[in-house]
Amino acid sequence: KFDAIANSCRIWEDVFGKQHPNVNCRIRDYCGQSGTTDCLNLVGQLALTIGNVSNYKANKNATVAAISSGLSASLGLSNDTVTILQIRGWSINWDAVESLLATQTQFLGQTLPEDSLLDSFWEDTELIVDNAGISRVKFLVSSLPVTLLPH
């Protein structure tokens, strides 16, 4: 599968000089050593407007599950590919962070850039939901599908 995608990307990008319309061709650069199509990860941050703050703050596990499920559904991915790394004001999911950092080094042989979202986390003493009703969430999407295109 990797070779077919790499060849298709070569034709679109190297021959036609265009971004492939259906495939994230960064896979050639980042997954070449592993020869798989599922080595890309995405780390992102959300700002969520919370309608019912007391319910949101009442159960951390339920809130994490709801955010993960919603993010999975919006991206068209299975639930097991989305991991919540931290919700501001709550503890960091260090197991997921350490696993991501180990994978980054193992497959790419490099560390994350200086301005990475993993460079800093929120203190667990910060407000979970601020006075404007906003909660901030850092998340990981692992094994990005080749069809999830960069913009």
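Coordinates for the structure precede this section.
Just so it is clear, the model here is predicted, and its values are computed rather than measured.

A. How the structure looks around helix H1 (residues 2-15). Taking 1.5 Å per residue as the helical rise, H1 with its 14 residues ought to reach 20 Å, and the 19 Å between its terminal C-alpha atoms agrees with that figure. Among all positions in H1, only Phe2, Ile5, Ala6 and Cys9 are buried. Buried residues of H1, viewed axially, fall in a sector of 95°; they line one side. Facing away from the buried side of H1 by more than 90 degrees, the exposed set consists of Asp3, Ala4 and Val15. Looking at the packing, one finds that the buried side of H1 touches helix H2 (26-31). The first or second residue beyond H1 is Gly17, which carries a positive phi of 70°.

B. Quick look at the pairing of strand S2 (residues 82-87). Taking burial as the measure, the six residues of S2 include five buried ones, the bulk of the element. Two strands pair when backbone bridges link them, and S2 and strand S3 (residues 134-141) are joined in this way by five bridges, in the antiparallel orientation. Counted as the bridge partner of Gln86 is Lys138 from S3.

C. The packing of aromatic side chains, seen in detail. Here the structure, examined in full by the defined rule, presents three aromatic pairs. Relative to Phe16, the ring of Trp12 has its centre 5.5 Å away and its plane inclined at 80°; by these criteria the two rings are edge-to-face. Exposure remark for Trp12: the relative accessible area of 29% places this residue in the partly exposed category. Over the aromatic face of Phe121 sits the side chain of Lys138, whose NZ or CZ is 5.0 Å from the ring centroid. When the ring centre of Trp122 is taken as origin, the NZ or CZ atom of Lys138, which lies over that ring, is 5.0 Å away.

Definitions and limits used
Residues numbered from 1 in each chain as written. Predicted model: local features only at pLDDT ≥ 70, side-chain atom pairs only at ≥ 80, totals over all residues. Heavy atoms only, no water. Helix = DSSP H or I, 4+ residues; strand = E, 2+ residues; numbered from the N terminus. Expected span 1.5 Å × (residues − 1). Buried < 20%, exposed > 50% of the residue type's maximum accessible area, 1.4 Å probe, protein only. Arc of directions from axis to C-beta. Contact = heavy atoms within 4.5 Å. Pairing = 2+ DSSP bridges. Phe/Tyr/Trp six-rings, centres within 6.5 Å; stacked < 30°, edge-to-face > 60°. Lys NZ or Arg CZ within 6 Å of the ring centre and 35° of its normal.

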